[in-house]
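# Residue-level structure breakdown
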Amino acid sequence: MNVHEYQAKELLKRYNVPTQEGIAVENVTDALNAYSQISSQTGSKFVVVKAQIHAGGRGKGRMVEVPEQSGVAVVKSAEDVERVAKNILGNTLVTIQTGAAGKKVSKLLVAQDMYYDGPSDRKEFYLSILLDRTKKQNVIMYSTEGGMDIEEVAHNTPDRIFKEWVAPNMSLQGYQARNIAFNLGLSGEAFKNMVKFVTNLYNAYVGLDASMIEINPLFKSADDKIIAVDCKMDLDDNALMRHPDLKDMRDKSEEDPTEVEAGEFNLNYVKLDGNVGCMVNGAGLAMATMDMIKLAGGEPANFLDVGGTANAQTVEAGFRIIMKDPNVKAILINIFGGIVRCDRVAAGVIEAYNNMGNINIPIIVRLQGTNAEVAKELIVNSGLKVQSAIQLSEAAQLVQDAIAGKN
Amino acid sequence: MGVLVNKDSKVIVQGFTGTEGTFHATQMIEYGTNVVGGVTPNKGGTTHLDRPVFNTVKDAVNQAGADTSIIFVPPAFAADAIMEAADAGIKVIICITEGIPVQDMVKAKAFAATKNCTLIGPNCPGVITAEEAKVGIMPGFVFKKGRIGIVSKSGTLTYEAADQTVKSGMGISTAIGIGGDPIIGTTTKEAVELLMNDPETDGIIMIGEIGGGMEAEAAKWLKDNMRKPVVGFIAGQTAPAGRRMGHAGAIVGGADDTAAAKMKIMAECGIHVVASPADIGKTMASVIGK
């Protein structure tokens, strides 16, 4: 589960990780109040206004309705705050990560400006914590090159990316925190502050059951403070059961509404761009079915795993969700009945089909496993316009025929 | 014989008296698996499915000689159950539970590595040695006895591969469902190695999916150790980058963990890679000359 920048910063503060201070707002009036509050605290007229969406690349992104407005703006007056807030709130932000449709912005973070002058140079670093699947350990990945696309840094200057692995069942050790601060070229107060920062950040990562925390830029101010200026945070869905307060941070408006609806029926659905819908039990078989559709000349319109219980209710919900997509020209149902009996699934398909009433695209049902023959007979005798198959290769052929308009 | 489990395995069920545990233990017993009891804390001393219930895994080891455990404990307590089994001296621990927090598995995996045990899963269908022992949730009737081994990240795709193998005139020695989570106990390479060393296995079907580097690791090992033909399939050739496809581990992160990249390296290492899941059985039949 992703959280917004302002939520991630709230969470980091619980672990004493210094962050850029800010106030999240939903309207222009509150934005102006936040501005006066922050500028009186900092004694500076500068603040940063940031659109709150789950995608990155906001600074270079553009508002669809006001193309001269980007998703992050440094402003220095109440008038500026009002103008920028009006440009962004309720409008759609397109960034490199949102796709062409963009994301509607309903919240802004009005934050303190950290780029003030002082006795030392300001610096921007990069730091993230995530799981290294190969080593089966958490890894802290960091770089002297902050504020830019880390994949580009990894590609062009791999020597500027450092990694520190943390042993399972251990916290980040002192020498490791010092390694990080040394490799980032820090000394004096900034060095001490970085050691504290990464130690606390690692505790936050473990304590929150995060699957990824990314701080970019990780900022050294001109007075040697170490601050998270931005934060992307992804929490482990499986661990939310022990963090009820984090569960409430979910912003469903950031998710595809059809995928949210599918989740309510315990269906695992991902929308894709193709023309053949599919409904399958098991994630691996679902992906394999999508691949088969492609090999048969079609393009999968979705991933849909109905899980272990394929009954009339889930099949009907699956049908309704797939058919919301106007690009779908055929649907393949592929169920390997093990514990689930195929005849029950077939009865469910027939019932769902009859309930729906107005299905006018080819439906191909492939049921294999327990009672597959009985299931096929049920489908054939139902008189419905449903093609039935037992072998996977038969189903592939039927999909190919359907795409060619033969059935 | 097969690998990991056989007719002599003394199996206990952790989470024995729960709904899932009861249902699947019943199925396992019907299949002929030697289930010697189960563990449910605070129900020790009672019986369930005509078998003894123990409070702890240690009791089950001491009193019933258990050497194999299958875990149906809910996700919040599953890592603890794995560590209890490992600490009690269980040799083969098979964790079916789906949805265990990743940080819990970082701990459990590291702990299990310090004990003399093999962990399979979590989030897997289990292990079956055909007509000897089913320690899992797979439909037993699909797995007719034979000499083909299967290693797979996915449940229903394992059943599909087994079914095609049988329909192509062969049968199954042992099928190992290794699971689809980011951290699992036994890797693709380790499971393939077990089957490569099994005298009762003549060919291996290796089924992977997008995400992670386990298939590439297995392929590189196989390049120097290919003493039996291996047929490979990778699910997710059409999956978009950055989207998680059902399994927690099934997400394309970089260029190396796409289906295309994995299929390429597998083919280069001598694995018979099939593009369509419908071709798994017949390809195995043709490469072993059936």
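If you're wondering where the values come from, they're calculated on a predicted model, not measured in any experiment.

Check the secondary structure of chain B and you find 9 helices and 14 strands. Viewed in the frame of its principal axes, chain B has a C-alpha envelope of about 55 × 40 × 30 Å. Taken over 290 residues, chain B has a buried fraction of 62%. Excluding contacts between residues fewer than 6 apart, the proportion of contacts in chain B whose partners are at least 24 apart in sequence is 73%. Taken as a whole, chain B presents about 10000 Å² of accessible surface, with 51% of it coming from carbon and sulfur.

The next point concerns the overall build of chain A. Broken down by element type, chain A carries 13 helices and 20 strands. Dimensions along the principal axes, computed over C-alpha positions, put chain A at roughly 85 × 50 × 40 Å. By the burial criterion, 55% of the 407 residues in chain A qualify as buried. Pairs at least 24 apart in sequence give 68% of the contacts found in chain A among residues at least 6 apart. Summed over all atoms, the accessible surface of chain A reaches about 17700 Å², with 48% contributed by carbon and sulfur. Of the charged side chains in chain A, 42 are positive and 51 negative; the average position of the first set lies 2 Å away from that of the second.

In this structure the tally under the stated criterion is 6 aromatic pairs over all chains. Members of the aromatic cluster, joined through ring pairs, are Phe336(A), Phe143(B) and Tyr159(B). The ring of Trp165(A) carries Lys135(A) above its face, with NZ or CZ at 4.5 Å from the centroid.

Residue and element names in this part refer to chain B. Within the span of helix H6 (residues 188-196), buried status applies to Thr188, Lys189, Ala191, Val192, Leu195 and Met196. Buried residues along H6 cover an arc of 165 degrees about the axis, so they all sit on one side. If you follow the buried residues of H6, they end up packed against strand S10 (145-152), strand S11 (172-177), strand S12 (203-209), helix H7 (214-225) and strand S13 (230-235).

Next up on the list: the domain arrangement of chain B. All names here are of chain B. Looking at the assigned domains, one finds that chain B contains domain 1 (11-120) and domain 2 (138-287). When each unit is reduced to the centre of its C-alpha atoms, the spacing between domain 1 and domain 2 is 26 Å. Listed per partner, the contact involves 8 residues of domain 1 and 10 residues of domain 2. Linking domain 1 with domain 2 are 0 salt bridges, by the criterion used here. For the interface between domain 1 and domain 2, the tally reads 3 residue pairs in polar contact (both at pLDDT 80 or more). Contributions of two or more residues to the side of domain 1 that touches domain 2 are made by helix H4 (102-113) and strand S7 (118-120). Among the elements that take part in the side of domain 1 that touches domain 2, H4 stands out by supplying 4 residues, more than any other. The class makeup of the residues in the side of domain 1 that touches domain 2 is 6 nonpolar, 1 polar and 1 charged.

On to the sheet that holds S10(B). One open sheet accounts for 7 strands, arranged S9-S8-S11-S10-S12-S13-S14 (chain B); its pairing is mixed. The sheet is open, and its two edges are formed by strand S9 (133-136) and strand S14 (272-273) of chain B, each paired on a single side.

It is worth spelling out unusual backbone geometry at this point. Going from Asn216(A) to Pro217(A), the amide bond is cis rather than trans, its omega being 10 degrees. Inspection of the secondary structure puts Pro217(A) in strand S12 (residues 210-220). Of note, the amide linkage connecting Gly121(B) to Pro122(B) takes the cis form, showing an omega dihedral of 10 degrees. Relative to the elements of secondary structure, Pro122(B) occurs in the loop between S7 and strand S8 (126-129). Phi at Asn169(A) is positive, roughly 70 degrees, even though this residue is not glycine.

As a further point, take the confidence of the model for chain B. Confidence in the prediction of chain B, expressed as mean pLDDT, is 95, and 100% of residues score 70 or more. Across the whole predicted complex the pTM is 0.93, and at the interface the ipTM reaches 0.93.

Before going further, it helps to spend a moment on the sheet that holds strand S4 (residues 51-54) of chain B. All names here are of chain B. A sheet is described by the order of its strands in space; here 7 strands give the open sequence S3-S4-S2-S1-S5-S6-S7, paired in mixed fashion. Taken across any chain shown, the strands that pair with only one partner, and hence form the sheet edges, are strand S3 (47-48) and S7. Of the strands in this sheet, strand S1 (11-14), strand S2 (35-39) and S4 touch helix H2 (residues 57-64), which is tilted by about 140 degrees from S4.

Attention now moves to empty space enclosed by the protein. Scanning the model with the defined rule gives 1 cavity of 30 Å³ or more in all. In this structure, the largest cavity encloses a volume near 40 Å³. Lining the largest cavity are Asn238(A), Ile100(B), Pro101(B), Val102(B), Met105(B), Asp181(B), Pro182(B), Ile183(B) and Ala248(B). Of the residues contributing to the lining of the largest cavity, the split by class is 7 nonpolar, 1 polar and 1 charged. The two domains that each donate at least three residues to the lining of the largest cavity are domain 1 (11-120) and domain 2 (138-287) of chain B.

Another aspect to go through is the interface of chain B and chain A. Opposite the 54 residues of chain B that make contact, chain A presents 44 residues. Carbon and sulfur atoms make up 63% of the area that chain B and chain A hide from each other, which totals about 3800 Å². One can count 4 salt bridges joining chain B with chain A. Measuring nitrogen to oxygen at the nearest pair gives 2.6 Å for the salt bridge that ties Arg366(A) to Glu160(B).

This part is about the environment of Lys13(A). All names here are of chain A. You can see Lys13 is positioned in helix H1 (residues 5-14). We classify Lys13 as partly exposed; its relative accessible area is 41%. Between the C-alpha atoms of Lys13 and Leu201, which are 188 residues apart in sequence, the distance is 9.7 Å. The contacts of Lys13, once residues within four sequence positions are left out, are Thr19 and Glu21.

Residues and elements named next belong to chain A. A complete count under the given rule lists 0 disulfides over all chains for this structure. Free cysteine: Cys342, not disulfide-bonded; nearest cysteine sulfur from Cys278 at 18 Å. A residue is classified by how much of its surface remains accessible, and Cys342, at 0% relative accessible area, is buried.

Turning to the pattern of salt bridges, a few remarks are in order. All chains considered together, the criterion is met by 37 salt bridges over all chains. Residues Arg160(A) and Glu145(A) are paired through a salt bridge, measuring 3.6 Å at the closest nitrogen-oxygen approach. Taken together, the residues Arg160(A) in the loop between helix H4 (150-156) and strand S11 (161-166) and Glu145(A) in the loop between strand S10 (137-143) and H4 connect sequence positions 15 residues apart. The class for Glu145(A) is buried, based on a relative accessible area of 19%. Its salt-bridge partner being Glu215(B), residue Lys153(B) comes within 3.0 Å of it at the nearest N-O pair. With Lys153(B) in the loop between S10 and helix H5 (155-167) and Glu215(B) in helix H7, this pair connects stretches of sequence that are 62 residues apart.

This part is about the pairing of S8(B). All names here are of chain B. With burial as the criterion, each face of S8 is covered, one bearing Gly126 and Ile128 and the other bearing Val127 and Thr129. Sheet topology places S8 next to S9; 4 bridges connect them, and they run antiparallel. Along S9, the bridge assignment pairs Thr129 with Ala133. Where S8 folds back onto S9 in an antiparallel hairpin, the turn is made up of 3 residues, including Glu131, whose phi is positive at roughly 60 degrees. Across 4 bridges, the pairing between S8 and S11 is antiparallel. Along S11, the bridge assignment pairs Val127 with Ile176.

Cut-offs used in this document
Each residue is numbered by its place in its chain's sequence as written, counting from 1. Naming scheme: in the order in which they are written, chains are lettered from A and ligands are numbered from 1. Restriction of local features to residues with pLDDT of at least 70 applies here, the model being predicted, together with a cutoff of 80 or more for giving and counting side-chain atom pairs; totals for whole chains, interfaces and linings are based on all residues. Computation of side-chain values covers all heavy atoms of the structure but excludes hydrogens and water. A run of DSSP states H or I qualifies as a helix once it reaches four residues; a run of E qualifies as a strand once it reaches two. Both are numbered from the N-terminal end. Exposure classes here rest on a 1.4 Å probe applied to the protein chains alone. A residue is buried below 20% of its type maximum, exposed above 50%, and partly exposed in between. Only heavy atoms enter the contact rule, under which two residues are in contact if any of them lie within 4.5 Å. In these tables, accessible area is a Shrake-Rupley quantity obtained with a 1.4 Å probe, and a residue counts as shielded only by the protein chains included in the view. Charged-residue counts in this description rest on Lys and Arg as positive and Asp and Glu as negative, His and the chain ends being excluded. One atom stands in for each charge, and that atom is NZ of Lys, CZ of Arg, CG of Asp or CD of Glu. We call Phe, Tyr and Trp rings a pair once their centres come within 6.5 Å, taking the six-membered ring for Trp, and we label the pair stacked below 30 degrees between planes, edge-to-face above 60, and tilted otherwise. Two thresholds decide whether a charge sits over a ring: the Lys NZ or Arg CZ must be within 6 Å of the ring centre and within 35 degrees of the ring normal. Directions are taken from the helix axis to each C-beta atom, and the arc is the one they span. Note that the domain bounds reflect an automated or database-derived domain assignment. A carboxyl oxygen of Asp or Glu within 4 Å of a side-chain nitrogen of Lys or Arg is what we treat as a salt bridge. By the criterion applied in these results, polar contacts are pairs of N or O atoms within 3.5 Å in which, for protein atoms, one can donate a hydrogen and the other can accept it, and in which residues neighboring in sequence qualify only through two side-chain atoms. Amino acid classes used here: Ala, Val, Leu, Ile, Met, Phe, Trp, Tyr, Cys and Pro are nonpolar; Asp, Glu, Lys and Arg are charged; the rest, including Gly, are polar. By the convention used here, strands pair only if DSSP detects at least 2 bridges between them. pLDDT gives the predictor's per-residue confidence on a scale running from 0 to 100. Only the stretch in contact is used when a helix axis is fitted, and all axes are lines through C-alpha atoms; the angle between N-to-C directions ranges over 0 to 180 degrees. Using protein atoms alone on a 1 Å grid, points that fit a 1.4 Å probe yet trap it form a cavity, whereas open point sets bounded by protein on both sides within 12 Å along at least five of seven lines form a pocket; residues with an atom within 4 Å of a point count as lining. Grid points are joined across faces, edges and corners, and a volume is the space filled by probe spheres set on the points. Defined here as a combined quantity, buried area equals the accessible surface (1.4 Å probe) lost by two parts on assembly, summed across both. Any two cysteine sulfur atoms lying within 2.5 Å of each other are counted as a disulfide.

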